[in-house]
Amino acid sequence: MKDDAQNFIRLGAFQAILAFSDDAQVVEAISEIAAQEKDPELKSYYDYFMEALIVKN
């Protein structure tokens, strides 16, 4: 990932929210956040985590 503090913060925040993914409303919010991401590299990470989340549930 390019050395951009904002991207690292957004990725870290996204990963932190995943800790609460046992709640269906949180999963819905996570999906919305992932869908709104514009950075292609972060979008790739988000898609990976969303795929793992779907497999988990």
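The structure contained in this document is the topic of the report that follows. (Residues numbered from 1 in each chain as written. Predicted model: local features only at pLDDT ≥ 70, side-chain atom pairs only at ≥ 80, totals over all residues. Heavy atoms only, no water.)

1. Comments concerning the environment of Leu42
On the secondary structure map, Leu42 appears in helix α3 (residues 40–56). With a relative accessible area of 0%, Leu42 lands in the buried category. With 28 residues separating them along the chain, Leu42 and Phe14 place their C-alpha atoms 10.0 Å apart. (Helix = DSSP H or I, 4+ residues; strand = E, 2+ residues; numbered from the N terminus. Buried < 20%, exposed > 50% of the residue type's maximum accessible area, 1.4 Å probe, protein only.)

2. Let's talk about the packing of aromatic side chains
The full count for this structure, using the stated rule, is three aromatic pairs. For the pair Phe14 and Phe49, a centre-to-centre distance of 6.3 Å together with 50° between the ring planes defines the contact as tilted. Placement of Phe14 in helix α1 (residues 5–18) and of Phe49 in helix α3 is noted, with a sequence separation of 35 residues between them. Per residue, the accessibility class of Phe14 equals that of Phe49, and both read buried. With a centroid separation of 5.5 Å and an interplanar angle of 70°, the aromatic rings of Tyr48 and Phe49 are classed as edge-to-face. (Phe/Tyr/Trp six-rings, centres within 6.5 Å; stacked < 30°, edge-to-face > 60°.)

3. Some points on the nonpolar core
Judged by nonpolar contacts, Leu11, Phe14, Leu18, Val26, Val27, Ile30, Ala34, Leu42, Tyr46, Phe49, Met50 and Leu53 together constitute the single largest core of twelve residues. Considering each element in turn, this core owes the most residues, five residues, to α3. Beyond its immediate sequence surroundings of up to four residues, Tyr46 is in contact with Arg10, Leu11, Phe14, Ile33, Ala34 and Glu37. (Core = buried A, V, L, I, M, F, W, Y, C linked by side-chain atoms within 4.5 Å. Contact = heavy atoms within 4.5 Å.)

4. A short note on the pattern of salt bridges
Oppositely charged side chains may form a pair once their charged atoms are brought near each other. Taken as a whole and judged by the stated rule, the model has two salt bridges. In this structure, the salt-bridge partner of Glu37 is Arg10, at a minimum N-O distance of 2.5 Å. Within this pair, whereas Glu37 is found in the loop between α2 (24–36) and α3, its partner Arg10 is found in helix α1, the two being separated by 27 residues in sequence. With relative accessibility at 13%, the residue Glu37 sits in the buried group. Taking the relative accessible area as the measure of exposure, Arg10 reaches 30% and is therefore partly exposed. A salt bridge links Asp47 to Lys43; its shortest N-O distance comes to 3.8 Å. In this pair, Asp47 and Lys43 are both assigned in helix α3, four residues apart and thus about one turn of the helix distant. (Salt bridge = Lys/Arg side-chain N within 4 Å of Asp/Glu carboxyl O.)

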